Amino acid sequence: MIPTTAPFPSTRMRRTRRAPWIRDLVQENTLTSADLIWPIFVCDGEKARQPIASMPGVERLSVDLAIDAAREAADLGIPCIALFPYTDPSVKTPSAEEAWNPDNLVNRATRAIKSAVPSVGVMLDVALDPYNSDGHDGIVRDGIILNDETLEALNKQSLAQAEAGADILGPSDMMDGRIASIRVILEENGFQNTMILSYAAKYASAFYGPFRDAVGASGALKGGKKTYQMNPANADEALREVALDLAEGADMVMVKPGMPYLDICRRVKDQFGVPTYAYQVSGEYAMIAGAAERGWVDGEKIMFESLMAFKRAGCDGILTYFAPAIARLMR
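Bear in mind the structure is a predicted one, so any value in this text is a computation, not a measurement.

Another aspect to go through is the overall build of the chain. Looking only at helices and strands, one finds eleven helices and twelve strands in the chain. Taken over C-alpha atoms, the radius of gyration comes to 20 Å for the chain, in line with the 20 Å a tight globule of 331 residues would show. For the chain, the spread of C-alpha atoms along the principal axes amounts to about 70 × 45 × 40 Å. Counting every position in the chain, which comprises 331 residues, the buried fraction comes to 53%. In the chain, the share of contacts with a sequence separation of at least 24, taken over all contacts with a separation of at least 6, comes to 75%. Counting only carbon and sulfur atoms, one obtains 52% of the accessible surface of the chain, whose full area is about 15100 Å². Considering the chain, the positive charge centre built from 34 side chains and the negative charge centre built from 43 side chains are found 9 Å apart.

Structural data, given as structure tokens:
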């Protein structure tokens, strides 16, 4: 409840806006580099940079350059990076076996980064879409995304990622029961301290398009993901999803996409009081970066404003492709 205040002129709201020092003193929310997780796309090769046309300023990086990016993250005070692979189409299969290959791209990158820059956390995505020839997050049979069969694959993927040294697993698949299944397999294999940041409220959104370009899943996707990702019209359902994931063993939860779902971020934080994150997804990034590139908006100011919105909505941190740029500016 907003407290009763004296009427004008006893109360003048502009008094505390009149100079930078007082505006800083009464500022309610603060954004720092420590609030950021930097998503990085990795590709095969050496000293390879592959621009992503739909994400201005973002590139796929070979493992050696991803190590350099991790070092930059450490220098900028960014505590964690999230790795996503551009998988060669030749290794994609209907059963997505490459997902649990100990030497797949993200597992090799994780080992290399944790060896070179151990102070930076590494988060890996748990889902089959980068490895599935159908482009789905789960195993597909006769046009149906199979839930329980997918859980078995996700268990194997999670174990391979934990063995590679991933600090945080981010199940983004939205299969029912996957958090409990993954938590059991981690506990049984001695990975009690591997954290789970659950994509708990992940919506079937049109904002993911550039990401699918980045990981090479756009052309492979057959049909939509509405049978497992959430309906954008639903809010109460998000709280049920979060409650289930926490009960199953998630350490932290995420809302995805970000800015169109700030109301969900606020409700999750207020309801559960747990570490809550949002993903400023590729489509959100592309709109801001594309408009800034054309001179239609002030890119730096909108970048700050958009990220502060997440803090205001109760988020403890944000996954954002703006992470290195904004960390440099804040520095």
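Don't stop here, the text continues.
Counting 103 residues, the largest nonpolar core has Phe41, Ile81, Leu83, Met123 and Tyr279 as the members making the most contacts within it. In terms of residue count, the dominant contributor to this core is helix α2 (residues 63–76) (eight residues). The contact partners of Phe41, leaving out residues within four places of it in the chain, are Ile52, Met55, Val58, Glu59, Arg60, Leu61, Phe84, Phe211, Ala214, Val215 and Tyr321.

Let us look at the packing of helix α7 (residues 236–248) against helix α8 (residues 262–272). Remark: α7 packs on α8, axes separated minimally by 10 Å, with the N-to-C direction vectors making an angle of 45°. With respect to their mutual orientation, α7 and α8 come out oblique. Regarding α7 and α8, the two cross each other, and that crossing is right-handed. Facing Asp236, Ala238, Leu239, Val242, Ala243 and Leu246 of α7, the residues of α8 in contact are Ile264, Arg267, Val268 and Phe272. When the residues that make up the contact of α7 with α8 are grouped by side-chain class, the tally is eight nonpolar, no polar and two charged.

This part covers a nonpolar patch on the surface. Where nonpolar side chains cluster on the molecular surface, the patch consists of Trp21, Leu25 and Val26 and spans about 360 Å² of accessible area. Take Leu25: it is sitting in helix α1 (residues 20–25).

Moving on to the pairing of strand β9 (residues 195–202). The side chains of a regular strand alternate between the sheet's two faces. Among the eight residues of β9, seven are classified as buried, and the element is accordingly described as predominantly covered. As paired strands, strand β8 (residues 168–171) and β9 are joined by two bridges and run parallel to one another. Considered in β9, the bridge of Ile168 is made with Met195. In this region the chain leaves β8, passes through helix α5 (residues 178–188) and returns to the parallel neighbour β9; the handedness of that crossover is right-handed.

Together, Asp148, Glu149, Glu152 and Asp176 line one region of the surface with negative charge. As for its placement among the helices and strands, Glu149 is situated in helix α4 (residues 147–164). Assessed through its relative accessible area of 34%, Glu149 is described here as partly exposed.

Because side chains alternate across strand β12 (residues 317–320), one face comprises the buried residues Gly317 and Leu319, and the other comprises Ile318 and Thr320, equally buried. Strand direction decides the pairing type here: strand β1 (residues 36–43) and β12, joined by two bridges, are parallel. Considered in β12, the bridge of Ile37 is made with Leu319. Where strand β11 (residues 276–280) meets β12, four bridges bridge the pair, whose relative direction is parallel. Directly across from Gln280, in β12, lies its bridge partner Thr320.

Orientation of helix α3 (residues 105–116) relative to α4, taken along the N-to-C sense of each, is 25°, at an axis distance of 8 Å. The angle between the axes of α3 and α4 places the two elements in the roughly parallel class. For the element pair α3 and α4, the recorded crossing hand is right-handed. Listed contacts from α4 to Asn107, Thr110 and Arg111 of α3 are Ala160, Gln161 and Ala164. Considered class by class, the residues forming the contact of α3 with α4 number two nonpolar, three polar and one charged.

Parameters and conventions
Residues numbered from 1 in each chain as written. Predicted model: local features only at pLDDT ≥ 70, side-chain atom pairs only at ≥ 80, totals over all residues. Heavy atoms only, no water. Helix = DSSP H or I, 4+ residues; strand = E, 2+ residues; numbered from the N terminus. Rg over C-alpha atoms; globule rule 2.2 N^0.38 Å. Buried < 20%, exposed > 50% of the residue type's maximum accessible area, 1.4 Å probe, protein only. Contact = heavy atoms within 4.5 Å. Areas by Shrake-Rupley, 256 points an atom, 1.4 Å probe, with all protein chains shown as cover. Lys, Arg positive; Asp, Glu negative; His and termini not counted. Charge placed at Lys NZ, Arg CZ, Asp CG, Glu CD. Core = buried A, V, L, I, M, F, W, Y, C linked by side-chain atoms within 4.5 Å. Axes fitted to C-alpha atoms, helices over the stretch in contact; angles between N-to-C directions. Parallel < 35°, antiparallel > 145°, perpendicular 65-115°, else oblique. Left-handed = near helix turned anticlockwise from the far one by under 90°. Nonpolar A, V, L, I, M, F, W, Y, C, P; charged D, E, K, R; others polar. Patch = residues over 30% accessible without salt bridge, like charges linked within 9 Å, V, L, I, M, F, W, Y side chains within 5 Å. Salt bridge = Lys/Arg side-chain N within 4 Å of Asp/Glu carboxyl O. Pairing = 2+ DSSP bridges. Right-handed = clockwise from strand over helix to strand, strands pointing away.

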